[in-house]
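# Working through the structure, step by step
What follows is the residue order along each chain.
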Amino acid sequence: MKMTGARIVIESLIKENVEVVFGYPGGAIMNVYDELYKQDKFKHILAKHEQGAVHMADGYARATGKVGVAFVTSGPGLTNAVTGIATAYTDSIPLVVISGQVPTTAIGTDAFQEVDAVGVTRPITKHNFLVKDVKDLAFIIKEAFYLAKSGRPGPVHIDIPKDVTVASTKFEYPEKIELKTYKPTYKGNKRAIKRAVEAIKKAKRPVFYIGGGSVLSGASDIIREIVKFTKIPSVETLMARGVLRYDCPYLLGMVGMHGTFAANMAMNDADLIISLGARFDDRVTGKIDEFAKNADIVHIDIDPSQIGKVVETKYPIVGDVKLVLEEMMPLLFDGIDTERYKEWRDILNRYQELYPLKYKDSNEVIKPQWVIQKTGEIAPEDAIISTDVGQHQMWAAQFYPFTYPRQLITSGGLGTMGFGFPAALGAKEGMKDRVVINFTGDGSIMMNIQETLVGYKYNLPVINIILNNNYLGMVRQWQTMFYEDRLSETDLSDVQPDFVKLAESMGAVGYRVSKKEEFEEALKDALEAKRVAFIDVQVDRREDVLPMVPPNSPLKNMLVFKEDK
Amino acid sequence: MKRVISVIVENEHGVLARVVNMFAARGYNITSLTVAPIPNSEFSRMTIMSEGDPKIFEQIVKQLYKLIPVYKVIESDDFIQKEMAMIKFPLKEVKNNLADIDAIARCYNGKISNVNDKHVVVSVVDRPDRIDNFLKAMMAKYKNLEIVRSGVSVIER
Ligand SMILES: Cc1ncc(C[n+]2csc(CCOP(=O)(O)OP(=O)(O)O)c2C)c(N)n1
Ligand SMILES: [Mg+2]
């Protein structure tokens, strides 16, 4: 049967079992929206801004593990989507973003709403396509989904000129796909695995360094099993929170700039670092010349370009974390002497006792960390937690009791303010039975607050907890620490909306909280409200995120709490 | 350190931009670049000469493989390397030395390929380091030369 390009887009998404598309229409993509109108197999959520649409698709993908899909129009539609695409790219999140483009005959003429879309997205996508012939369309869509979710996942962008959506051809959706030039390695090399196992057995001070790749490959269960059996101390990156349970006795906490002292010292003093889908980001390693000077590295990653990129790697293993660990586990369990690591564990436990994560609570003002802990006590254990970017993000990562992977949805690599709320809406759309809570700041929430109307219209009751310090807090903290407290353009105290009224004007419910008792009440109420909620919590303005590795310092030079010095 | 890699890519829209953007985005150098389709196939061969330490080369190769249309990256210490160069001499500079120039050009697999009333054009084909020598010698001896180099092409022995 012959079909138009627009229809082929819709039919292909149905073949991919897409449940929901987040998007925003416009001239160049109108034919696709017209076909969307005629079908009822999947839902469309109309965002208020294309950035919001892409973050929603991203949050949906992070929460469910499925591919997130977004539609945008040409020109400004596409450029508005760029931050969303780049955010997904740096965190390896599978998306398919479909944009309209001016007709092929107009490309290159500076036509109305024309931008070189594939030129713009090339460095922020895993791959992108400009469809020039309707005959290629179905295959390209198939390829896009395959690329997005296979290997190291990532966003894929398809740019479709308007005349291609009008032209028609026979619709045949490929069943299978094989690409000559793209064959990700899933199974690790057996010999490399054996050598790594021997190294672990011989090590005295090993540490599991768990990264976001462990979440993407679904390796949490096997990692929990291995850690429990081997009793090897473990650290998690921001992207890996929840791979181990917060109360796992071998979890030292988060590693890196705002990680725990014990986690960072474990990396610093280890003789073997076993990296599970992590990438030795500068926020983790601190000053690279002084990073883990006495450690050999086992690096398991599906993306070969990550191995040896930052640190010299003695035991490289290219493969999917879960599949590699499945091969490793029986070899590792066979004859491992876990007592060997006891002295090492004792040292690290001592660090944990000496320098635990903490804060000085108060009865006069609300401490942001208290809000996060309290939320952890009140919210159901399986609540999904998203964050924006700033101090509140780090406190959430430090103090929330994460119990399972994919529980934390946060922009780790790009650090995109404005991500948290739309991502939370997308997560809620994908996981209707879960409570979804977004920890945000008074700066970040203003970047995509218009999406409240989406929560209202589509009944996605997400709870926003604004840790309102009346500052761009994280920048303020750096100004205090490294710029002699010159607070250049970070004080927001005279530019605050009335969040309660703002919420109410968009069909949400708002609470203003300035006492501890009020918070508990507000949160319990919001959990029942079945509406988008904003809890504006006035917190201690000058609280700093600690401990902290100052930028470009070695991990061991952590700034700890004043009274611990 | 200079090195040459040969990259086999799918002939498709934007593939050259992908490769070149990757170099630019990551701050790697391209000393020379040649591209042409491989006959009777859907592939093209790009030959890239770049500069950097071995660690950078390892990354270049891995980052190239990460690009979806890249089929194969060939690194070898045993390439046959060839480059073409053309030199345009003002006729009045060389008119008494034409025999000389032709003889030297022959040592570099070349010859005088064109002469008119204003210029003499010599073309040579050889290893890039030998081309360097040839050009150095010519530049030392003659003035106002126009020089075009093709960039290196390689094939495995
Ligand atoms: C889009 C974007 N712009 C700027 C920044 C730089 N930045 C990082 S944290 C931060 C402050 C965030 O303020 P707020 O949301 O109130 O959070 P707080 O740190 O106060 O908890 C800024 C401006 C960013 N990460 N993202
Ligand atoms: Mg703030």
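Since the structure is predicted, the reported quantities are computational estimates derived from the model, not experimental observations. (Residues numbered from 1 in each chain as written. Chains lettered and ligands numbered in written order. Predicted model: local features only at pLDDT ≥ 70, side-chain atom pairs only at ≥ 80, totals over all residues. Heavy atoms only, no water.)

## Focus: the packing of aromatic side chains
Residue and element names in this part refer to chain A. What counts, and what does not: Stacked, tilted and edge-to-face are the three classes applied to pairs of Phe, Tyr and Trp rings, where Trp contributes its six-membered ring and a pair requires centres within 6.5 Å; stacked means planes under 30 degrees apart, edge-to-face means over 60, and tilted covers the rest. Note on conventions: DSSP H or I runs of at least 4 residues are helices, E runs of at least 2 residues are strands, and numbering of each starts at the N terminus. In this scheme, a residue with accessible area under 20% of its type's maximum is buried, one over 50% is exposed, and one in between is partly exposed, where area comes from a 1.4 Å probe on protein chains only. Only Lys NZ and Arg CZ are tested; either one counts as a charge over a ring when it is within 6 Å of the ring centre and within 35 degrees of the ring normal.
On inspection of all chains with the given rule, the structure shows 19 aromatic pairs over all chains. Ring plane angle 55° and centroid distance 4.3 Å describe the contact between Phe261 and Tyr355, whose orientation is recorded as tilted. Taken together, the residues Phe261 in helix H11 (residues 261–269) and Tyr355 in the loop between helix H14 (342–354) and helix H15 (368–378) connect sequence positions 94 residues apart. A relative accessible area of 11% means that Phe261 is categorised as buried. Relative to Phe399, the ring of Tyr359 lies with its centre 5.5 Å away and its plane at 85°, an arrangement referred to as edge-to-face. Here Phe399 lies in helix H16 (residues 391–399) and Tyr359 lies in the loop between H14 and H15, a separation of 40 residues in the sequence. As far as burial versus exposure is concerned, Tyr359 and Phe399 are alike and both buried. Grouped by ring-pair contacts, the aromatic residues Tyr209, Phe280 and Phe291 constitute a single cluster. Taking the ring centre of Tyr471 as reference, the NZ or CZ of Arg476 above it sits at 5.7 Å.

## Describing the site of ligand 1
Residue and element names in this part refer to chain A. Test applied: Near is defined per residue: the residue qualifies when any heavy atom it owns lies within 4 Å of the molecule or strand. Two N or O atoms count as a polar contact when they lie within 3.5 Å, although within protein this holds only if one can serve as hydrogen donor and the other as acceptor, and sequence-adjacent residues are included solely when both atoms are side-chain atoms. Where accessible areas are quoted, they stem from the Shrake-Rupley method and a 1.4 Å probe; at the residue level, only the protein chains shown are allowed to cover.
By nearness alone, 17 residues border ligand 1, and Gln391, Gly415, Gly443, Ser444 and Gly473 come closest of all. Interatomic distance of 2.7 Å between a backbone N/O atom of Gly473 and an oxygen atom of ligand 1. Protein chains bury 76% of the 590 Å² of accessible surface belonging to ligand 1 in isolation. Of all the secondary-structure elements, those providing two or more residues to the shell around ligand 1 are H16 and helix H19 (473–482). It is H19 that provides the largest number of residues to the shell around ligand 1, a total of 3 residues.

## Digging into the coordination of the magnesium ion (ligand 2)
Residues and elements named next belong to chain A. Just so we agree on the cut-off: Coordinating donors are taken to be N, O and S atoms lying within 2.8 Å of the metal, or within 3.2 Å when the metal is Na, K or Ca; because water is excluded from the atom set, some sites may appear incomplete.
For the magnesium ion (ligand 2), the protein coordination sphere consists of Asp442 (OD), Asn469 (OD1) and Tyr471 (O), at 2.1 Å. When its relative accessible area of 4% is taken as the criterion, Asp442 is described as buried. Given a relative accessible area of 4%, Asn469 falls into the buried group.

## Description of the environment of Gln407 of chain A
Residue and element names in this part refer to chain A. Keep this limit in mind: Here a residue-residue contact requires only that any non-hydrogen atoms of the pair lie within 4.5 Å.
Considering the arrangement of structural elements, one finds Gln407 in the loop between H16 and strand E16 (408–409). The spatial distance from the C-alpha of Gln407 to the C-alpha of Asp382 is 7.4 Å, given a sequence separation of 25 residues. Those residues in contact with Gln407 that lie beyond four places of it in its chain are Glu381, Asp382, Ala383, Ile384, Ile385, Tyr400, Pro401 and Phe402. Within the local environment of Gln407, its side chain forms a polar contact with the backbone oxygen of Glu381, the two atoms lying 3.1 Å apart.

## As for the domain arrangement of chain A
Residue and element names in this part refer to chain A. Applicable threshold: Residue ranges for the domains trace back to a domain assignment, done automatically or taken from a database. In this description, buried area is defined as the sum, over both parts, of the accessible area (probe of 1.4 Å) that is lost when the two are combined. When a carboxyl oxygen of Asp or Glu lies within 4 Å of a side-chain nitrogen of Lys or Arg, that pair is called a salt bridge. When residue character is reported, Ala, Val, Leu, Ile, Met, Phe, Trp, Tyr, Cys and Pro are called nonpolar, Asp, Glu, Lys and Arg charged, and the others, Gly included, polar.
For chain A, the assigned domains read domain 1 (2–170), domain 2 (190–354) and domain 3 (368–538). With 26 residues of domain 1 at the contact, the number on the domain 3 side is 28 residues. Taken as a group, Lys48, Arg62 and Ala63 account for 26% of the area that domain 1 buries against domain 3, more than any other trio of residues on that side. Seen at the junction of domain 1 and domain 3, the total is 1 salt bridge. The residue Glu429 makes a salt bridge to Lys43 at a minimum N-O spacing of 3.0 Å. Of all the secondary structure elements, the ones that give two or more residues to the side of domain 1 that touches domain 3 are strand E2 (20–23), strand E3 (43–46), helix H3 (50–64) and helix H4 (76–90). The element best represented in the side of domain 1 that touches domain 3 is H3, accounting for 11 residues. Class assignment of the residues belonging to the side of domain 1 that touches domain 3 gives a composition of 10 nonpolar, 11 polar and 5 charged.

## Digging into the sheet that holds strand E15 (residues 384–387) of chain A
Residue and element names in this part refer to chain A. Note the following rule: Strands qualify as paired when DSSP identifies two bridges or more between them. Lines fitted to C-alpha atoms define the axes, with helix axes restricted to the stretch in contact, and inter-axis angles between N-to-C directions lie between 0 and 180 degrees.
An order of E16-E15-E17-E18-E20-E19 is seen for the 6 strands of this open sheet, with the pairing classed as parallel. Of all strands in the sheet, those bounded by a partner on one side alone are E16 and strand E19 (509–513). Sheet topology note: the strand E17 (residues 436–441)/strand E18 (residues 463–468) ladder contains 5 bridges and is parallel. Following the sheet pairing, Phe439 is matched in E18 by Ile465. Helix-sheet contacts for H16 involve E15, E17 and E18, and the interaxial angle to E17 is about 135°.

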